Amino acid sequence: MRYWLMKTEPSVFSFEDLRKRPRSTDHWEGVRNYQARNYLRDEMRKGDKVLFYHSQCAEPGVVGVAEITREAYPDFFCWNRRSKYYDPKSTPEHPRWFMVDVTWKRAFRRTVTLKEMRDIPGLRKMKVLQKGQRLSIMPVTKEEFAIVSAMGMTEER
DNA sequence: GCCAACGTTGGC
DNA sequence: GCCAACGTTGGC
């Protein structure tokens, strides 16, 4: 099993939005970066665990845990002219972009903030903390996942 | 809204 | 294949 961190802007699609979807599951469309696409298409497997990260908000950080429940399949938003993710270069015959299904698992008792994570020695190499790292999907080590999960389950900082 | 750090595009 | 221009991301 692998571990991931996936970013969203809560004003667009939040962790709570995911929880409220039927079966607390939704497709993760709109990945339009090749490196993120490769992670998603080639390495994400059903059952992988996800740190769900909120960006572009008052308190950027990890808010809970989700799980990959369907492996990569073509992102059909590419084929919808009205979608902001429309991309005529991705066709049903030769899809360029993919999505996975993600299922809400549990909310943390509090947000594990970016700021806070920077001070944890065990997270020093975590990709999301590295300068210039902007991918919306990044791998996380088992240890990093365990540390962040444990932080999210304790009230105090 | 600013700006650093990318990634992509397209002329040459 | 180079690289300038442009677009995007995301913390602050």
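Residues numbered from 1 in each chain as written. Chains lettered and ligands numbered in written order. Predicted model: local features only at pLDDT ≥ 70, side-chain atom pairs only at ≥ 80, totals over all residues. Heavy atoms only, no water.

A. Spotlight on the sheet that holds strand E4 (residues 61-74). On the basis of which strands lie adjacent, the open sheet formed by 6 strands has the order E2-E5-E4-E3-E1-E6 and mixed pairing. Looking at strand neighbours, the two that pair on one side only are strand E2 (25-27) and strand E6 (137-140), the edges of this open sheet. Going across the sheet, the axis of each strand differs from the next one's by a mean of 35°, ignoring polarity. By the bridge criterion, 6 bridges tie strand E3 (residues 49-54) to E4 in an arrangement that is antiparallel. Note that in E4 the partner of tyrosine 53 across the bridge is valine 62. (Pairing = 2+ DSSP bridges. Helix = DSSP H or I, 4+ residues; strand = E, 2+ residues; numbered from the N terminus. Axes fitted to C-alpha atoms, helices over the stretch in contact; angles between N-to-C directions.)

B. Quick look at the protein's contact with DNA strand B. With respect to spatial proximity, the complete set of residues near DNA strand B consists of Asn33, Tyr34, Lys89, Lys131, Gly132 and Arg134. The protein-proximal atoms of DNA strand B, defined as those within 4 Å of the protein, are 72% sugar or phosphate. With respect to DNA strand B, the side chain of lysine 131 contributes an N or O atom lying 2.6 Å from a phosphate oxygen. The separation between a base oxygen of DNA strand B and a polar side-chain atom of arginine 134 is 2.7 Å. A class-by-class count of the residues in the surface near DNA strand B yields 1 nonpolar, 2 polar and 3 charged. (Near = heavy atom within 4 Å. Polar contact = N/O pair within 3.5 Å; in protein donor to acceptor, adjacent residues only side chain to side chain. Nonpolar A, V, L, I, M, F, W, Y, C, P; charged D, E, K, R; others polar.)

C. Layout of the confidence of the model for chain A. On average, residues of chain A score 93 in pLDDT, and 99% of them reach the 70 mark or higher. Element-level mean pLDDT values for chain A span from 94 in helix H2 (residues 34-43) up to 98 in E3. (pLDDT = per-residue confidence, 0-100.)

D. Representation of the side chain of serine 14. Assignment of secondary structure puts serine 14 in the loop between strand E1 (3-8) and helix H1 (15-20). Apart from residues lying up to four places away in sequence, serine 14 is in contact with Phe52 and His54. (Contact = heavy atoms within 4.5 Å.)

E. Representation of the protein's contact with DNA strand C. Close to DNA strand C lie Lys7, Tyr53, Ser55, Gln56, Pro60, Leu114 and Arg134, which account for all nearby residues. Among the atoms of DNA strand C lying within 4 Å of the protein, the sugar-phosphate backbone contributes 65%. One nitrogen or oxygen atom from the side chain of lysine 7 is found 2.8 Å from a phosphate oxygen belonging to DNA strand C. Between DNA strand C and tyrosine 53, the relevant distance is 2.7 Å, taken from a phosphate oxygen to a side-chain nitrogen or oxygen of the residue. Residues that form the surface near DNA strand C fall into these classes: 3 nonpolar, 2 polar and 2 charged.

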